[in-house]
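Descriptive analysis of the structure
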Amino acid sequence: MTGSRNGTRSRDDGPAGPPGGLIVGAYATSPYRNDWHPEFESRLFDLLSAMPGLRGLEIPWFGSLHQFDDNWLLTHLRPHWDLVLNDIGSGLRGVAADSTYGLASRDRLGRMSALKMAARLRDDVDRLNQAAGRQAVIAVEFHSPPPRMSSSEALAESLARIQSWDWGETSLLVEHCDALVAGHPPAFGYLSLTDELSAVISSGTDFGISINWGRSAIELRDPDRVLEHIAEARSAGLLRSIVFSGAASQDTEFGPSWVDAHLPPAASNTNKFGEPASLLTPGRMKSVLDTSGQLDWIGLKIAARPVDLPLAGRIQLLSDSIRLVNEARASASV
């Protein structure tokens, strides 16, 4: 990446998204979320390494690089993959243990605990880069817990502290999760996008914003209004990435309506393992990329159903979904 120390660069009104494929949160596609089957995961990585259109992986960070074996992950990641670390898992665990925990917490001790975790994450960025023998980690996504006792000012202080550490050329981001909205329960209930943008600006840092399509749809209860979030972040000059992850307004095999379950794109003749009720359609993908302008990277994070769908079906779903995103990129206006 080029530009400042943490990878931010000037942007223009050029094509929607960089070349080089998608950053894929493949862990969400695995049927094994709370237990570990290393033979399955090894086979999954083998198939991902040969998948067209895959630039690299999103790595979920729960306080470690892998929930079960860091060294296994370090030896199985392909050196050519670009990586994005996402700390949502560690944030959820932190809030579950202490309701004051979070980078945006108004409670000083809760915020300090989250900053200590962020420092550990920074060390793991170094470990991944050293294992790859290059700057493999292109971005880290942070978040704005805790619910109901957070503030933009507290988040700004945390962002300034985090950027003061040496991140090399890794880009630092706040990934927006759904905010508290009167009238319906939240999935996360973190700060509003407006407050997160204000925190980034007032922090004086190079942090950017990442928009997760499904989480914005869950907040707004309208898939077409996600464009409002994208336009707001772009207007502030802070939009760096889009992550395509779906949602539904009705109950599905993935769970209740508006659940944050990483639904795949809508099922079709060319996406037979998609979710029929998914609101993430090719047309909406194109509209997102028409609105977003230049991005540093584009992500895809989807789960698969039924639970016993074989690995071949999961790989086909990922392959079809990557193709749909890339078709939307190719047709997006410039």
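Structure: above.
Report on the accompanying structure. The shown structure was predicted, so the numbers you read here are calculated from the model rather than taken from an experiment.

Thresholds applied
- Residues numbered from 1 in each chain as written.
- Predicted model: local features only at pLDDT ≥ 70, side-chain atom pairs only at ≥ 80, totals over all residues.
- Heavy atoms only, no water.
- Helix = DSSP H or I, 4+ residues; strand = E, 2+ residues; numbered from the N terminus.
- Contact = heavy atoms within 4.5 Å.
- Buried < 20%, exposed > 50% of the residue type's maximum accessible area, 1.4 Å probe, protein only.
- Pairing = 2+ DSSP bridges.
- Right-handed = clockwise from strand over helix to strand, strands pointing away.
- Expected span 1.5 Å × (residues − 1).
- Polar contact = N/O pair within 3.5 Å; in protein donor to acceptor, adjacent residues only side chain to side chain.
- Axes fitted to C-alpha atoms, helices over the stretch in contact; angles between N-to-C directions.

1. Some thoughts on the side chain of Ser144
The topology assignment puts Ser144 in the loop between strand 4 (137-142) and helix 5 (152-163). Other than its neighbours up to four places away in sequence, Ser144 contacts Ala104, Ser150, Leu155, Tyr190, Leu191 and Glu196.

2. Describing the pairing of strand 7 (residues 239-244)
The element strand 7 is extensively covered by neighbouring structure, given that six of its six residues are classed as buried. The pairing of strand 6 (residues 208-212) with strand 7 spans four bridges and is classified as parallel. Across the sheet, the residue bridging to Asn212 is Val243, located in strand 7. Pairing of strand 7 with strand 8 (residues 297-300), which is carried by four bridges, proceeds in the parallel orientation. Counterpart to Val243 in the pairing with strand 8 is Gly299. Viewed along the sheet, the connection from strand 7 through helix 9 (residues 282-292) into strand 8 turns out right-handed.

3. A closer look at helix 4 (residues 108-132)
Look at helix 4: 36 Å from first C-alpha to last across 25 residues, which is about the 36 Å you get at 1.5 Å a residue. Sitting at the head of helix 4, Asp107 places a side-chain oxygen 3.1 Å from the backbone nitrogen of Leu109. One or two steps after helix 4, the chain reaches Gly133, where phi turns positive at roughly 75 degrees.

4. Some remarks on the sheet that holds strand 6
Spatially, 1-2-3-4-5-6-7-8 is the arrangement adopted by the eight strands of the closed barrel, whose pairing is parallel. Between one strand axis and the next, the sheet turns by 30 degrees as a mean value, whatever way the strands run. As paired strands, strand 1 (residues 22-24) and strand 8 are joined by two bridges and run parallel to one another. By the bridge assignment, Ile23 is partnered in strand 8 with Gly299. The strands touched by helix 8 (residues 226-235) are strand 5 (171-176), strand 6 and strand 7; relative to strand 7, the strand with the most contacts, the crossing angle is about 160 degrees.

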